[in-house]
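Commentary on secondary and tertiary structure
Each chain, written out:
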Amino acid sequence: MHGIRNLHTTRGWVGFFVVAALLLVAVPVLNALPETNPLHVPDWLIPLAGKFCCYALVALAMDLIWGYTGILSLGHGVYFALGGYAMGMYLMRSMAGEGVYRSELPDFMVFLNWKELPWFWHGFEYFPFALLMALAVPGLLAFVFGWFAFRSRIKGVYFSIITQAMTFALMLLFFRNETGFGGNNGLTDFKRLLGFTLSEPSVRVALYWLTALVLLGVYLLARAIVRSRAGRVLTAIRDAESRVMFCGYEPLYYKLAIWTLSAVLCGLAGALYVPQVGIINPSELAPAQSIEMAVWVAVGGRGTLVGAVVGAASVNGLKSVFTAVAPEFWLYALGGLFVLVTLFLPEGLTGLFRRLRRTRAAEARA
């Protein structure tokens, strides 16, 4: 219990519980208010908030490897998409016989004249198996990739380019119809999860609540990691890896462990994302998606955890506005935002807040 208290200062714990109350209590309660009430949270906003929580979960995973370990990945969209596809496969299997063609096969397989279910689709009619695959497949891929990359001492821009190349290769693979994952259209038209109808407002609120709870739990887990002895070693690897080796530590195992954990967290985020959004397709594997994940962390502030969550919420909130008003300018705005942060806010939004707080404290003392 004492160790848990040490994860934050008193002010930090107060802020954590305030945010937890807003996410877990205030949003569902305001959604339950009558629509005539000015404080009512509309139903369409619930899955959007759940989607933002999934993105914040990915940003935490990115901050662990980039902010604290110094490994810039431009391919974490792969792990997010793999977790999403695993959950999408379960959702497709759970509605067997209820599609347009009333077939036991998913509709896209009937349309493409598939005669039987591919071997890698078996087992996904069971939710525990699908959830296990949503975590295990990204984790296994990350472990194998990281083992060869870190053993070869690949780092810096070369590592980032390789991760982006992996993302692009998998995107091209999933776009092909013969791969068995829906091709360009992906997996969609989901109807139920564990027997509950996904279109029901109460189910959407439950999914949002679960996602917010997972986000808070993963934040505490990440906080415990970075405050531990292993977390201090990770920070030392980021700052001076050669010195860590001279001190008798093997950076390979620390980097491989945190890399694999971050992939598992992205897979979990993808599994939570798909039932709330209602679709998963190869666009989630696009290199731009993975680059955007790094931008979330940069905007919020690297190496802070809180900044990763703030950055994910801020950038995606801005993206929602641009999508509604001027979607063709979003990529220009994103690039400009990244340049602005790099030049004038190297510590991100959280760094700006800390600077303002220090300035106020200095003025108060004066």
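Residues numbered from 1 in each chain as written. Predicted model: local features only at pLDDT ≥ 70, side-chain atom pairs only at ≥ 80, totals over all residues. Heavy atoms only, no water.

Counting residues in hydrophobic clusters, the biggest one holds 104 residues, and the most contacted among them are Tyr79, Leu187 and Trp259. Ranked by the residues each element gives to this core, the list is headed by helix H3 (residues 45–67), at 15 residues. The contact partners of Tyr79, leaving out residues within four places of it in the chain, are Pro138, Leu141, Ala142, Phe145, Met166, Trp259, Ala263, Cys266 and Gly267. (Core = buried A, V, L, I, M, F, W, Y, C linked by side-chain atoms within 4.5 Å. Buried < 20%, exposed > 50% of the residue type's maximum accessible area, 1.4 Å probe, protein only. Helix = DSSP H or I, 4+ residues; strand = E, 2+ residues; numbered from the N terminus. Contact = heavy atoms within 4.5 Å.)

Right, let's get into unusual backbone geometry. The phi dihedral of Arg153 falls on the positive side, at around 60 degrees, and the residue is not glycine. With respect to the helices and strands, Arg153 occurs in the loop between helix H6 (127–151) and helix H7 (156–175). Look at Arg153 and you get partly exposed, because its relative accessible area is 48%. If you check the backbone angles, Leu305 has positive phi at about 70 degrees while not being a glycine. By secondary structure assignment, the location of Leu305 is in the loop between helix H11 (287–300) and helix H12 (306–325).

In this model H7 runs 29 Å from its N-terminal to its C-terminal C-alpha over 20 residues, within 8% of the 28 Å that 1.5 Å per residue would give. Here H7 has its buried residues at Phe159, Ser160, Thr163, Met166, Thr167, Leu170, Met171 and Phe174. The buried residues of H7 occupy an angular sector of 135 degrees when projected down its axis, which confines them to one face. Exposed residues on H7 whose side chains face more than 90 degrees from its buried face are Val157, Tyr158 and Ile161. (Expected span 1.5 Å × (residues − 1). Arc of directions from axis to C-beta.)

Quick look at the layout of surface pockets now. As a volume, the largest pocket reaches approximately 870 Å³. Secondary structure elements with two or more residues in the lining of the largest pocket: helix H2 (10–32), helix H8 (201–227), H12 and helix H14 (348–365). A total of seven residues in the lining of the largest pocket trace back to one element, the largest contributor, which is H2. Partitioned by chemical class, the residues of the lining of the largest pocket number 12 nonpolar, seven polar and four charged. Considering only enclosed or pocket space, the second largest pocket measures out at about 380 Å³ in volume. Together, 15 residues line the second largest pocket, and Leu82, Phe120, Val137, Phe174 and Phe181 are the ones closest to its centre. (1 Å grid on protein atoms, 1.4 Å probe; cavity = no way out; pocket = protein on both sides within 12 Å on 5 of 7 lines; lining within 4 Å. Points joined across faces, edges and corners; volume = space filled by probe spheres on them. Nonpolar A, V, L, I, M, F, W, Y, C, P; charged D, E, K, R; others polar.)

Another aspect to go through is the packing of H8 against helix H9 (residues 229–246). Two elements in contact, H8 and H9, have axes whose closest approach is 4 Å; the angle formed by their N-to-C orientations is 70 degrees. On the basis of the axis angle, H8 is roughly perpendicular to H9. On H9, the residues that touch Ile225, Val226 and Arg227 of H8 are Arg229, Ala230, Gly231, Arg232 and Leu234. Taken together, the residues of the contact of H8 with H9 break down into four nonpolar, one polar and three charged. (Axes fitted to C-alpha atoms, helices over the stretch in contact; angles between N-to-C directions. Parallel < 35°, antiparallel > 145°, perpendicular 65-115°, else oblique.)

Turning to its location among the elements, Gly88 is positioned in helix H4 (residues 77–94). Gly88 sits in the buried class, given a relative accessible area of 0%. Excluding residues within four positions of it along the chain, Gly88 makes contact with Leu187, Phe190, Val274 and Ile280.

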